[in-house]
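Residues per chain are reported as follows:
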Amino acid sequence: SETTSHDSVGATAGTDYDAIIVGAGFSGLYELHRLRDELGLSVKVIEKADDVGGTWYWNRYPGARCDSESHIYCYSFNEDILQNWEWSERYPEQPEVLEYLRFAADELDLRRNIEFETEVTSAAFDEDSGTWRISTDDGETVSSQFFVTAVGCLSEPYIPDFEGIESFEGFWTHTGKWPHEPVDFEGKRVAVIGTGATGIQVIPEVAKSDPEHLTVFQRTPNYAVPARNRPLDDDDWELIQSNYDEILQRAHDSGFGFPFEVGQETAADMTMEEVEEALEPRWQEGGFRFLLAFEDLLVNEETNEKVSEFLRGKIRETVDDPELAEKLAPKDHYYATKRPPLHTDYYETYNRDNVSLVDVTENPIERITPDGVQTADGHHDFDMIIYATGFDAMTGTLLQMDIEGRDGLTLEEKWEDGPQTYLGLTLHGFPNMFTITGPQSPSVLSNMPVSIEHHVEWVSDTIEHLVDNDIQLIEPTKAAEEAWTTHNRQVAESTLYTTVDSWYMNENIPDKPTVFTPYPGGVDLYHDTILEVAEKGYEGFELT
Ligand code: FAD
Ligand code: N01
């Protein structure tokens with residue numbers, strides 16, 4: 001392991017490192033660079049995979065592709081990385097994003113401070129020394145002054161507790177643990193369970209790969225907008241490069257981390273024909289530009305119902321069998337109140353002869369058997385089962401880590417009724433711990449590299465402030481944390497997000513408290529807030 005001298009920066013004497021970061025995805029890599037190369041701290045990153053990449057290391061399923069456009073799904077902080085990397089497509093495929101993160105890690109010479117194939121199994125704050133003790137699955141314990149989690153919001157795969165899962169004798173996997181070797185579907189009877197953003201990407205790819213049959217198990221239908229992917233040519237790239245600073249600035253100053261124009265204020269007073277006229281160009285253009293057609297989409301039921309109806313109409317136009325089209329057209333929730341996916345030929349896939357849909361609300365899955373899936377109305381034989389059933393999102397990976405703060409308080413106990421944080425970045429009772437893209441921050445409600453940069457920069461600037469001023473500990477007050485938690489709840493309740501069960505609401509995992517978990521106030525407002533807190537001398541924190 002790497003240990004450099006940290007005496008010069010005033011860290012707590014006797015620790016192994018100034019800072020330990022968990023995770024080597026987008027977040028952890030940038031945090032390492034900032035703390036090591038700009039502040040000169042001794043830093044170690046611990047990562048359970050055998051390479052960098054995070055999400056893009058684990059999610060190797062066929063069709064895995066970014067929904068954010070490539071030119072804005074990137075780091076903006078480093079001119080060399082920006083100028084020396086050219087994306088090949090409007091939306092990069094998983095191998096290309098992974099390659100990009102490997103490239104960034106090498107450009108910044110980050111690997112030498114990352115310990116791979118090592119999992120953090122516990123982290124405890126030692127009150128006497130004011131330091132963190134971090135233990136790993138190889139039996140080691142290391143100490144540091146600062147503990148930064150960069151563990152991802154969607155990094156703990158979730159498979160429902162179906163009876164008999166392990167008894168299945170064919171190939172089965174969760175999409176987030178996809179094997180590194182190619183998987184052959186030709187001539188196979190394949191099941192995909194789940195129609196979230198992942199299911200919507202993997203289903204058309206499996207259907208195209210000559211399976212004997214593909215059966216999709218759907219619980220809730222989803223609204224998806226066409227991605228309209230295409231290669232980026234030299235002209236596209238030149239245009240991007242010549243305006244790059246401005247494009248990135250716009251993304252950083254926007255509500256969702258996208259640089260796209262917001263359309264009109266509301267559709268509430270518009271006729272359906274007027275709504276269609278406004279939406280059709282965005283539909284043709286594809287991607288998340290569609291999401292921004294109306295400013296009040298997520299707060300006004302009338303606007304949202306019109307947009308939702310437009311999308312149902314598109315599904316009905318695409319799917320040949322009217323009965324199937326109705327099953328695929330969501331009516332139980334408003335558009336974008338669950339994370340809105342993009343698609344390439346998703347609805348078209350259901351026109352193939354070798355694809356069928358089981359609606360599990362009508363015909364529930366009873367159990368998995370050695371050779372298939374038993375539903376209420378009979379047995380379905382399969383050679384392969386793909387679980388596209390999502391993640392224990394936002395808090396799952398953090399809770400897995402067995403984190404203990406002051407007075408033996410565990411994170412699990414603290415968050416029994418749902419996450420409580422100050423700014424989604426820090427926790428009362430857990431001094432010097434920082435959660436990159438933590439719950440109650442905009443994270444998953446944004447183009448994430450934008451939010452990640454905001455967080456990493458805030459954490460790094462804060463640590464610099466502490467080191468420069470010889471401050472040993474930072475901890476938010478209970479009052480500040482309670483106020484932030486209340487503010488989150490109030491903002492969420494003013495939106496349509498809380499009208500549906502979703503993973504945003506923690507509802508996808510049995511026994512988790514129902515709480516809206518990300519911060520819904522917008523990236524721009526949030527960023528201003530965290531900067532203001534720092535400018536006011538870390539308002540809401542105790543510095544000792
Ligand atoms: P991650 O990439 O999740 O990295 C966290 C790392 O921490 C992982 O490598 C993990 O192995 C490691 N780790 C976790 N726990 C431990 C432990 N206990 N010990 C050691 N290591 C640990 N966002 C967008 O903005 N646009 C998109 O189009 C988009 N597409 C996505 C597609 C998929 C399939 C998924 C799952 C997510 C997508 N996201 C997208 C969200 C994506 O997660 C973020 O954009 C971003 O990659 C998160 O980076 P991160 O470093 O914060 O977390
Ligand atoms: O997971 P999900 P995901 N029986 O939780 C169903 C990001 N992402 O991996 O909707 C039957 O959304 C569940 O049904 P329901 C993005 O942020 C991004 O697809 O709960 N079905 C749902 O259909 C995304 O939101 C990209 O009723 C069950 C599905 O499984 C997040 O990751 C690509 C079930 C899970 O959907 C997670 O997406 C992929 C059960 N017991 C992912 N339990 C891109 O940007 C669950 N389901 C390209």
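What you see is a predicted model; the values in this text were computed from it and never measured.

Here is what the cut-offs are and how they apply
- Residues numbered from 1 in each chain as written.
- Chains lettered and ligands numbered in written order.
- Predicted model: local features only at pLDDT ≥ 70, side-chain atom pairs only at ≥ 80, totals over all residues.
- Heavy atoms only, no water.
- Helix = DSSP H or I, 4+ residues; strand = E, 2+ residues; numbered from the N terminus.
- Rg over C-alpha atoms; globule rule 2.2 N^0.38 Å.
- Buried < 20%, exposed > 50% of the residue type's maximum accessible area, 1.4 Å probe, protein only.
- Contact = heavy atoms within 4.5 Å.
- Pairing = 2+ DSSP bridges.
- Axes fitted to C-alpha atoms, helices over the stretch in contact; angles between N-to-C directions.
- 1 Å grid on protein atoms, 1.4 Å probe; cavity = no way out; pocket = protein on both sides within 12 Å on 5 of 7 lines; lining within 4 Å.
- Points joined across faces, edges and corners; volume = space filled by probe spheres on them.
- Nonpolar A, V, L, I, M, F, W, Y, C, P; charged D, E, K, R; others polar.

Draft legend 1. Representation of the overall build of the protein. Helix and strand counts for the protein stand at 16 helices and 20 strands. Here the C-alpha atoms of the protein give a radius of gyration of 24 Å, agreeing with the 24 Å that 2.2 N^0.38 yields for 544 residues. For the protein, the spread of C-alpha atoms along the three principal axes comes to 70 × 55 × 45 Å. Looking at the protein residue by residue over its 544 residues, the buried ones come to 59%. Here the analysis covers contacts within the protein between residues at least 6 apart in sequence; of these, 72% occur between residues at least 24 apart.

Draft legend 2. Molecular detail of the sheet that holds strand β16 (residues 384-387). The strand order β7-β16-β8-β9-β12 describes an open sheet built from five strands, whose pairing is parallel. A strand with exactly one partner marks an edge of an open sheet, and here the two such strands are β7 (171-174) and β12 (355-359). Pairwise comparison of adjacent strand axes, ignoring direction, gives a mean angle of 15 degrees for this sheet. Bridge count between β7 and β16: four bridges; the pairing is parallel. Bridge pairing in β16 links threonine 173 to isoleucine 386. Helix-sheet contacts for helix α5 (residues 197-208) involve β8 (189-193), β9 (213-218), β12 and β16, and the interaxial angle to β9 is about 165 degrees.

Draft legend 3. Focus on empty space enclosed by the protein. Inspection of the entire model under this criterion finds five cavities of 30 Å³ or more. If you add up the space inside the largest cavity, you get close to 50 Å³. In terms of lining residues, the largest cavity is bounded by Thr437, Ser441, Pro442, Ser443, Ser451, His454, His455, Val523 and Tyr526. Secondary structure elements with two or more residues in the lining of the largest cavity: α14 (448-468) and α16 (523-535). The dominant element in the lining of the largest cavity, judged by the number of residues it contributes, is α14, at three residues. Split into classes, the residues belonging to the lining of the largest cavity amount to three nonpolar, six polar and no charged.

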